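Structural features, examined
Now for the letters of each chain:
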Amino acid sequence: AVVSTQSGHYGRGPHPDLVHVYSDPVKQLYSYQLTAFPRSCTDPIPEICALTKTALPLHLDGVLGNGIRDPNYLECFLGHVEESCHVFNSSFKLKEVPANPSTPHEEDVFSKYFASSFIHNLLNFLYKDPRTPSLLAQDSFITADQFTGAFWRHGSDQRKNACNRFQLMNHLDIILRTGQPITYEALRSDEVQPVPITLSLSHVTHSRLNLFRERRKVHQFPGFLKESFYPHNHTVFKVVSKRLSDEDMRYAALITGFGQAFASVQHQADFPVIVDQIPPVNHPSTAQVVITDGHRFCFGVYQCNTTDTNETQLDDPYPVNMCALSPVETLTCPDNKSMLNINMLRTMLTLLSYDQDEVGLVEQKEKISGTMPVELGSGS
């Protein structure tokens, strides 16, 4: 992931560079790359939440609810996973083992190939199973190997009246897109508060997020065009190195979800640049995230409720972005490597088969409140 930042004056009258630019900025003079390995042992998630106007992550189990209700559906999915593991292990054992120990880079390449193929295999099962919801089975599309970007501003240094600019660059191995947007009611609230920044950006830069300068062009792209037949995120998959710690994987899930959801909203709105005329987000954008190294998995859901990260307008009905993360779990049980981790696979199937869209949520609310129109029969 890559983050860039540049300061510009605001708060004491409009700055020409911020208010009167009617075209996309081309290049930032000061940019910083964010690595996946924070420099200190502290948790980088609160800092990222503060810079993206996000509330602290909820626990994913509390957001997903009861999960898969059909036990036969889950049982068939577990059987397919077990068969896939057997086939993959048998295939890889037939390959020649190099005489010298593999390098970390070779191990990462091998893991990326295994994990990507494994995920594609699981998605094929979901497409073929008749119990898979229609949103995924009939109204979805898969793209692979996509570079994405998200650009945002945040006035994090109030003492200098400075507006900091950030550029996140990311690579996604698989993007599962749908024709209708999914949404999470549990990730909408007008009562939660964003994480306040208690440290200066320079301290965050050098102490926790491990940023270094690099010249970067502004990039706002979720990996697909809004004119596509499938212009909405469902689930994105990112394969990472086995050398990442569990906290790094959770951080990758958070920043990947933010970048994908935020870029989708901005791309739908034609990427507005004028900071005091950011349009409100009437329909939040949601991205489900799967981070894996082939054996460990971390799941997340990020919902972009507002793009007003610089707090120049207050028109959004839900003024804070929200997310939910799972703990990092392994494909097999920690105490028995020969058995699959059923709880982790249940969470994965729940995410991949999630089908609550915006239209269905509105209809559900109207039905509960009694405002949904009722069609009257023709009989007397």
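Residues numbered from 1 in each chain as written. Predicted model: local features only at pLDDT ≥ 70, side-chain atom pairs only at ≥ 80, totals over all residues. Heavy atoms only, no water.

**Digging into unusual backbone geometry**
Negative phi characterises most residues that are not glycine, and trans characterises most peptide bonds. Note the cut-off: Each helix is a run of H or I in the DSSP string that is no shorter than four residues. Each strand is a run of E no shorter than two, and both are numbered from the N terminus. Partly exposed describes any residue whose relative accessible area lies between the buried limit of under 20% and the exposed limit of over 50%, with all areas from a 1.4 Å probe on protein chains only and scaled to the type maximum.
The phi torsion at Lys53 lies on the positive side, around 55°, for a residue other than glycine. Secondary-structure assignment places Lys53 in the loop between α2 (45-51) and β5 (58-59). Owing to a relative accessible area of 6%, Lys53 belongs among the buried residues under this scheme. In this model, Asp145 sits at a positive phi of 60°, which is unusual for a non-glycine residue.

**Description of the nonpolar core**
As a reminder of what qualifies: Only buried residues count toward a nonpolar core. Its members are Ala, Val, Leu, Ile, Met, Phe, Trp, Tyr and Cys residues joined through side-chain atoms within 4.5 Å. In this analysis, two residues are considered to be in contact whenever any of their non-hydrogen atoms come within 4.5 Å of each other.
Phe77, Val81, Leu126 and Leu331 are the most contacted members of the largest nonpolar core, which totals 39 residues. Elements supplying a minimum of two residues to this core: α3 (60-64), α4 (71-93), α5 (104-128), α6 (134-137), β7 (162-178), β12 (296-304), β13 (322-325) and α9 (342-352). Once residues within four sequence positions are removed from consideration, Phe77 is found in contact with Leu122, Phe125, Leu126, Leu345, Met348 and Leu349. Membership of the second largest hydrophobic core comes to 37 residues, among which are Val195, Tyr251, Cys298 and Tyr302.

**Observations regarding the packing of aromatic side chains**
Keep this limit in mind: Two aromatic rings from Phe, Tyr or Trp, using only the six-membered ring of Trp, form a pair when their centres are within 6.5 Å; if the ring planes differ by under 30 degrees the pair is stacked, by over 60 it is edge-to-face, and anything between is tilted.
In the structure shown here, the tally under the stated rule is 9 aromatic pairs. Residues Phe114 and Phe118 carry aromatic rings whose centres are separated by 6.0 Å and whose planes lie at 5° to one another, so their mutual orientation is stacked. With a gap of 4 residues between them, Phe114 and Phe118 both fall in helix α5, about one helical turn apart. The class of Phe114 is buried, set by a relative accessible area of 13%. Phe118 sits in the buried class, given a relative accessible area of 2%. Centroid distance Tyr184 to Tyr354: 4.2 Å. Interplanar angle 5°. Geometry classified as stacked. Residue Tyr184 is located in the loop between β7 and α7 (201-207), and its partner Tyr354 is located in the loop between α9 and α10 (358-369); the two are separated by 170 residues in the primary sequence. No difference in accessibility class separates Tyr184 from Tyr354, as the two residues are buried.

**Some details on the pairing of β12**
The test is simple: Pairing between strands is defined by DSSP: at least two bridges between them are needed.
By the criterion of burial, β12 is predominantly enclosed, with 9 of the 9 residues buried. Across the two faces of β12 the burial is the same, with Arg296, Cys298, Gly300, Tyr302 and Cys304 and Phe297, Phe299, Val301 and Gln303 all buried. As defined by bridge partners, strand β11 (residues 285-292) adjoins β12 across 8 bridges and the pair is classed as antiparallel. From the neighbouring strand, Thr292 faces β12, where its bridge partner is Phe297. Linkage of β11 to β12, two consecutive antiparallel strands, is achieved through a turn of 3 residues, within which Gly294 is found at a positive phi near 100°. Pairing geometry for β12 and strand β14 (residues 329-330), over 2 bridges, is antiparallel. Across the sheet, residue Arg296 finds its bridge partner in β14, namely Thr330.

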